[in-house]
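# Observations on chain architecture
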Amino acid sequence: MNSQTLFKSHFQYPPTSSAKAHGRVNLIGEHTDYNNGFVLPTLIEQNIEVSMSLRDDSKIKGISSEFGENSVDMESSTDGSWLDFVRGASYYIQNEGCKINGLDLAVTSSVPAGSGLSSSAAFEIALLRAICHLTSLDLKPSKIAEIGQLIEHQYIGTQCGIMDQMASACAEFGQALYLDCQNLNTETIPIFSDHTFMVIHSGSTRKLSEGKYNERKKETELASEILNVSSLRNATKDNLELIKDGIIQKRARHVITENERVQKATQYLKEDNALKFGNVMNESHQSMDDDYEISSPELNHVVNVSRRAGALGARLTGAGFGGCVVLLLPSAKNDEIKENILKNCPHSYWVTNIKH
Ligand code: GLA
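Everything in this summary refers to the structure shown in the same document. Given the structure is predicted, the values throughout are model-derived calculations rather than measurements.

## Here we look at the nonpolar core
The biggest cluster of nonpolar side chains holds 74 residues, and the ones touching the most others in it are Phe 197 and Phe 277. When residues of this core are sorted by domain, at least three fall in each of domain 1 (3–188) and domain 2 (191–354). Once residues lying within four places of it in the same chain are set aside, the contact partners of Phe 277 are Leu 27, Leu 40, Phe 192, Phe 197, Ala 265, Tyr 268, Leu 269 and Leu 328. Grouped together as the second largest cluster of nonpolar side chains are 33 residues, Tyr 34, Ile 256, Ile 294 and Val 302 included.

## Brief notes about the environment of Ser 71
Take Ser 71: it is sitting in strand E5 (residues 68–73). Ser 71 sits in the partly exposed class, given a relative accessible area of 37%. Taking C-alpha positions, Ser 71 is 39 Å from Thr 186, a pair spaced 115 residues apart along the chain.

## Describing the site of the ligand
Near the ligand you find Arg 24, Glu 30, His 31, Asp 33, Tyr 34, Cys 160, Gly 161, Met 163, Asp 164, Tyr 213, Gly 318 and Ala 319, and these make up its full shell. Asp 33 is positioned with one of its side-chain polar atoms (N or O) 2.5 Å from an oxygen atom of the ligand. Its free accessible area being 310 Å², the ligand has 98% of it covered by the protein chains. The residue makeup of the shell around the ligand, split by class, is 5 nonpolar, 3 polar and 4 charged. When residues are assigned to domains, the shell around the ligand turns out to be shared by domain 1 (3–188) and domain 2 (191–354), each giving three or more.

## Things to note about the packing of aromatic side chains
By the definition in use, this model includes 13 aromatic pairs. Aromatic side chains Phe 7 and Phe 11 sit 4.6 Å apart centroid to centroid with 40 degrees between the ring planes, which places their arrangement in the tilted category. Separated by 4 residues within a single helix, Phe 7 and Phe 11 lie in helix H1 (residues 3–11), roughly one turn from each other. The pair formed by Phe 7 and Phe 11 is uniform in burial state, with each residue classed as buried. Within the aromatic cluster, the residues linked to one another by ring pairs are Phe 7, Phe 11 and Tyr 13. The ring of Tyr 292 carries the charged tip of Arg 216 above its face, separated from the ring centre by 5.9 Å. Sitting over the face of the ring of Trp 350, Lys 338 holds its NZ or CZ atom 4.2 Å from the ring centroid.

## Focus on the sheet that holds strand E1 (residues 17–26)
Sheet strands line up and pair through hydrogen bonds in the backbone, either parallel or antiparallel. Strands sit in the order E1-E3-E6-E4-E5 across an open sheet of 5 strands; the sheet is mixed. This sheet does not close on itself; its edge strands, each paired only once, are E1 and E5. Between one strand axis and the next, the sheet turns by 20 degrees as a mean value, whatever way the strands run. Pairing geometry for strand E4 (residues 59–64) and E5, over 6 bridges, is antiparallel. Bridging from a neighbouring strand, Lys 61 pairs with Ser 71 of E5. Sitting on the sheet, helix H2 (residues 83–95) is in contact with E4, E5 and strand E6 (102–109), with an inclination near 45 degrees to E5. Together, E1 and strand E3 (41–55) form the strand contacts of helix H5 (residues 163–170), whose direction differs from that of E1 by roughly 125 degrees.

## Quick notes on the pairing of E1
Across the 10 residues of E1, 8 count as buried, placing the element largely inside the fold. Examined bridge by bridge, E1 and E3 share 9 bridges and lie antiparallel to one another. Looking across to E3, one finds that Val 25 is bridged to Thr 42.

## Overview of the packing of H2 against helix H4 (residues 141–156)
Contact geometry of H2 with H4 gives a least axis separation of 9 Å together with a crossing angle of 125 degrees. Overall, the two elements H2 and H4 adopt an arrangement that is oblique. For the pair H2 and H4, the sense of crossing is right-handed. Across from Asp 84, Phe 85, Arg 87, Gly 88, Ala 89, Tyr 91 and Tyr 92 in H2, the residues of H4 making contact are Ile 147, Leu 150, Ile 151, Glu 152, Gln 154, Tyr 155 and Ile 156.

## A short note on the pattern of salt bridges
The full count for this structure, using the stated rule, is 19 salt bridges. Across the salt bridge formed by Asp 180 and Arg 233, the nearest N and O atoms sit 2.7 Å from each other. Highlighted residues: Asp 180 in strand E7 (residues 175–180) and Arg 233 in the loop between helix H6 (212–227) and helix H7 (246–270), separated in sequence by 53 residues. Looking at Asp 180, the relative accessible area reads 8%, which means it is buried. A relative accessible area of 23% means that Arg 233 is categorised as partly exposed. Glu 293 is paired through a salt bridge with Arg 251; the nearest N and O atoms lie 2.9 Å apart. Separated by 42 residues along the polypeptide, Glu 293 in the loop between helix H8 (274–290) and helix H9 (297–309) and Arg 251 in helix H7 bring together distant segments of the chain. Counted as one network, the salt bridges with shared partners bring together Glu 215, Arg 216, Glu 219, Lys 250, Arg 251 and Glu 293.

## Observations concerning helix H3 (residues 119–135)
Its 17 residues place the ends of H3 24 Å apart at the C-alpha level, agreeing with the 24 Å of an ideal helix rising 1.5 Å per residue. For H3, the buried fraction is high: 14 of the 17 residues fall into the buried class. Once H3 finishes, Ser 136 follows within two positions and takes phi at roughly 55 degrees, a positive value.

Calculation criteria
- Residues numbered from 1 in each chain as written.
- Predicted model: local features only at pLDDT ≥ 70, side-chain atom pairs only at ≥ 80, totals over all residues.
- Heavy atoms only, no water.
- Core = buried A, V, L, I, M, F, W, Y, C linked by side-chain atoms within 4.5 Å.
- Buried < 20%, exposed > 50% of the residue type's maximum accessible area, 1.4 Å probe, protein only.
- Domains from an automatic or database assignment.
- Contact = heavy atoms within 4.5 Å.
- Helix = DSSP H or I, 4+ residues; strand = E, 2+ residues; numbered from the N terminus.
- Near = heavy atom within 4 Å.
- Polar contact = N/O pair within 3.5 Å; in protein donor to acceptor, adjacent residues only side chain to side chain.
- Areas by Shrake-Rupley, 256 points an atom, 1.4 Å probe, with all protein chains shown as cover.
- Nonpolar A, V, L, I, M, F, W, Y, C, P; charged D, E, K, R; others polar.
- Phe/Tyr/Trp six-rings, centres within 6.5 Å; stacked < 30°, edge-to-face > 60°.
- Lys NZ or Arg CZ within 6 Å of the ring centre and 35° of its normal.
- Pairing = 2+ DSSP bridges.
- Axes fitted to C-alpha atoms, helices over the stretch in contact; angles between N-to-C directions.
- Parallel < 35°, antiparallel > 145°, perpendicular 65-115°, else oblique.
- Left-handed = near helix turned anticlockwise from the far one by under 90°.
- Salt bridge = Lys/Arg side-chain N within 4 Å of Asp/Glu carboxyl O.
- Expected span 1.5 Å × (residues − 1).

Here it is, written out as structure tokens:
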């Protein structure tokens, strides 16, 4: 069911505005965005759709295909429910000069939540697009992304970077989005023509706001303070021994080397060198497992099986602690590799393929 049909059947009248936004898979560049670094995500076909109409009173009444029905007052404080996203979006759009009393809205989603595929950013971007349409507000995609990030920080409690919102708001199908998170400069690069990125869910989910994410962010901030740089983007491996705490040193090493890997991977993509791109994906996973400590036995199992099955590279994607693996494989071996992984990782399931 799409969000318009859900809206009509729930509220018994048609919505005034509808919009959708896609989830993303990050090909490489993990936990670099909040350190002003580099990332390389692309869109997935799964998306979130929102349909809405303005209300005269201050209520937000929502129906979600995933989270059910809920109703809150726009003025009341956040309560941990999915309508917090709507409170946040309305608040920031009001800051842009458009008054919103209340809203009726219906949400449908095909992005699996807690999978590292950015379902919350897709929800934020879809909501903001629909509200902009409703209020005839014309905002640049990067501005919409920045507001999405503010909602996450102020209304949801995750101190995320800007990658997911920028990917959802600005990326194109079949193109990797090279993003410099310091100045939001972007470049789109076509995906390999005879190789495919496949996304496999490991079978274990994670919750982004559970604290580990914010903990990593603090650790990297501490590392920048010790190294006396404004962010780890400006740090080099040569100075790592100035960090005496072993954990903080490992966190910094991941971010510094991951930024280097994004640069290399971007170059390899431009050169159509899938073999080398796969190698840096493998190095990235190793760094996330050893230094950033965000992998899990389930993710490592999918990664190992994928490589044994013939993937050129495999790595966890997104925040980690569960969720999905992205792998790069020769398109001709797609069915063989997929079958092998699903057979040997009984909890895993196929999510999508990203093609040229
Ligand atoms: C989550 C965050 C992003 C980014 C990734 C890790 O998806 O929302 O900002 O930090 O984790 O790369």
